[in-house]
Amino acid sequence: MSTLTIRKIDVDLSQGFGRHWNGDDAYRTQLFNALSMSFPRGEQLFIDALRDVPQACLTDPRLRAEVKDFIGQEATHRHLHAQYNRQLERQGLPYTREEKLKKRLARVDKLGVLDRLAITCALEHYTALLADGVLRHPDWLEGAEPQMRRLWSWHAVEETEHKGVAFDAYVAAGGGYRRRVAWYLHASMVFAYDSFLQTVHNLRNDGQLFRLRTWGSALRTWFGRSGLAWHLAGPVLGYLSPRFHPWRHDNRKLIETWLEHNSGAWRPVRAANN
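No experiment lies behind these values; they were computed from the predicted model shown.

Chemist: So what's going on with helix α8 (residues 212–223)? Which residues, and what values?
Modeler: Across its twelve residues, α8 extends 16 Å between first and last C-alpha, which sits within 8% of the 16 Å expected from 1.5 Å per residue. Within α8 the residues assigned to the buried category are T214, S217, A218 and T221. Taken down its axis, α8 places every buried residue within 105° of arc, on the same side. The exposed residues of α8 that point more than 90 degrees off its buried face are L212, L219 and R220. Elements in contact with the buried residues of α8: α1 (26–51), α7 (177–205) and α9 (228–238).

Chemist: Provide a residue-level description of a nonpolar patch on the surface, including the pertinent values.
Modeler: On the surface, a cluster of nonpolar side chains totalling about 380 Å² of accessible area is made up of L219, F223 and W230. Mapped onto the elements of the fold, L219 is located in helix α8. Classification of L219 as exposed rests on a relative accessible area of 55%.

Chemist: So what about the nonpolar core? Which residues, and what values?
Modeler: Core analysis: the largest hydrophobic core is formed by 75 residues, its most contacted members being W21, L50, V67, Y84 and W152. The leading source of residues in this core is helix α4 (residues 113–136), at 13 residues.

Chemist: For the environment of S2, give the residues involved together with the corresponding values.
Modeler: Checked against the element boundaries, S2 lands in the segment before β1 (6–9). Between the C-alpha atom of S2 and that of R64, which follows or precedes it by 62 residues, the distance is 8.2 Å. Polar side-chain contacts of S2 include one of 3.0 Å to the backbone nitrogen of L4. A distance of 2.8 Å separates polar atoms of two side chains, one belonging to S2 and the other to D69.

Chemist: Describe the packing of aromatic side chains, and please don't skip the residues or the numbers.
Modeler: Here the structure, examined in full by the defined rule, presents twelve aromatic pairs. When the centroid spacing of 5.2 Å and the interplanar angle of 65° are considered together, the rings of F17 and Y84 count as edge-to-face. Of this pair, F17 sits in the loop between β1 and α1 while Y84 sits in helix α2 (residues 61–90), and the two are 67 residues apart along the sequence. For F17, a relative accessible area of 11% puts it in the buried group. Using a relative accessible area of 0% as the deciding quantity, one classes Y84 as buried. Seen from their ring centres, Y126 and F191 are 5.4 Å apart, and the 40° between their planes marks the pair as tilted. Placement of the pair is Y126 in helix α4 and F191 in helix α7, with a sequence separation of 65 residues. Here the two residues Y126 and F191 agree in accessibility, since each one is buried. Within the aromatic cluster, the residues linked to one another by ring pairs are F17, W21, F32, F39, Y84 and W152. Positioned over the ring face of Y239 is R180, at 4.8 Å from the centre of the ring.

Chemist: An account of the state of the cysteines is requested, with residue identities and associated values reported.
Modeler: Summed over the entire model, instances satisfying the criterion amount to zero disulfides. Cysteine C57 is unpaired, with the sulfur of C121 as its nearest cysteine sulfur at 14 Å. Given a relative accessible area of 5%, C121 falls into the buried group.

Chemist: So, the pattern of salt bridges: which residues are in play, and what are the values?
Modeler: For the structure shown, the criterion picks out 15 salt bridges. The shortest N-O distance in the salt bridge between D10 and R150 comes to 3.5 Å. Residue D10 is located in the loop between β1 and α1, and its partner R150 is located in helix α5 (residues 146–161); the two are separated by 140 residues in the primary sequence. Given the relative accessible area of 29%, R150 is considered partly exposed. Among the salt bridges present, the one from D206 reaches R19, with a minimum N-O distance of 2.7 Å. Highlighted residues: D206 in the loop between α7 and α8 and R19 in the loop between β1 and α1, separated in sequence by 187 residues. One salt-bridge network, held together by shared partners, links R7, E158 and E161.

Chemist: Could you give an account of the side chain of H77, naming the residues involved and the relevant values?
Modeler: Residue position: H77 is located in helix α2. A distance of 3.3 Å separates polar atoms of two side chains, one belonging to H77 and the other to H155. For H77, the contacting residues outside a window of four places in its chain are E43, W154, H155, E158, E159 and H162.

Cut-off values and rules
Per-chain numbering applies: the sequence of each chain, read as written, is numbered from 1 onward. Side-chain atom pairs in this predicted model are given and counted only at pLDDT of 80 or more, local residue features only at pLDDT of at least 70, and totals for whole chains, interfaces and linings cover all residues. Excluding hydrogens and water, the side-chain values take into account all heavy atoms of the structure. A run of DSSP states H or I qualifies as a helix once it reaches four residues; a run of E qualifies as a strand once it reaches two. Both are numbered from the N-terminal end. Each helix should span, by expectation, one fewer than its residue count multiplied by 1.5 Å. Burial here depends on accessible area, computed with a 1.4 Å probe over protein chains only, as a share of the maximum for the residue type. Under 20% is buried, over 50% is exposed, and the range in between is partly exposed. An arc is given here, and it is the one of the directions from the helix axis to the C-beta atoms. It only takes one pair of heavy atoms within 4.5 Å for two residues to be counted as in contact. Put simply, a patch holds well-exposed residues, over 30% relative accessible area, that have no salt bridge, with like charges counted together within 9 Å and Val, Leu, Ile, Met, Phe, Trp or Tyr side chains within 5 Å. Here the accessible surface of atoms and residues is derived via Shrake-Rupley with a 1.4 Å probe, and residues count as covered only by protein chains that are part of the display. Whenever Lys or Arg places a side-chain nitrogen within 4 Å of a carboxyl oxygen from Asp or Glu, that contact is recorded as a salt bridge. Buried Ala, Val, Leu, Ile, Met, Phe, Trp, Tyr and Cys residues form a nonpolar core when they are joined through side-chain atoms within 4.5 Å. Polar contacts, as counted here, are pairs of nitrogen or oxygen atoms within 3.5 Å of one another; within protein the pair requires one atom able to donate a hydrogen and one able to accept it, and residues that are adjacent in sequence qualify only if both atoms are side-chain atoms. When the centres of two rings from Phe, Tyr and Trp lie within 6.5 Å, Trp using its six-membered ring, the rings pair. Their planes under 30 degrees apart give stacked, over 60 give edge-to-face, and anything left gives tilted. Note on geometry: a ring has a charge over it if NZ (lysine) or CZ (arginine) is within 6 Å of the ring centre and within 35 degrees of the ring normal. Throughout, a disulfide means two cysteine sulfur atoms within 2.5 Å of one another.

Set out below in structure tokens:
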């Protein structure tokens, strides 16, 4: 009944990757690296929140199956980004925000399931927006090493594919508008702050923080023709609507296009509708 597919991607990070793997661009590389650093613990939060939804709330067989496959996809993402992050440590790029994140997540673990689902919905919205950008705007990964482009694009496909699952589970469990928006506002500030600081830490450790080229790239990355600022602005505000649902923005065509053009890069572990 599920529409999701758990995939094994043809990526081998054991030999590492370049210091500036994203088009020899320090800013774009360290921004993506900062995101990767936060993913394993964030994805564990998502997995735990969805696992804790009472089965009695998941009366729709399709949603129940998609919750199971959501967990499978996120577990695969967590595993590969943990490998990615170990390579970053070898490059002298530690995850400096990790201890603060661990303390924050320890507090989150004490919350009820609806609050943890609301946080998951908020962060899944951001991962879905970033995923859409990776698939929609080739210049975000222009000149990237092939296996790194493949890793990020595959991750983007699956984040897009399952972007409505946590939201639907939240609604099925009885979650309402006020809780959803309150946690979204909080999560937005924390996510933006942590991502910014970790990117700065990465650039400093890379010796690129005070280079003019770095901040020229930052301006283009955020405010260029396909910049992050323009890509995120409308959808970030759109989450505040009482009528919001992730699939009101239907971008399945991006998934289909990538899968069609990269059919040799992955194989299904558990296929849709199984």
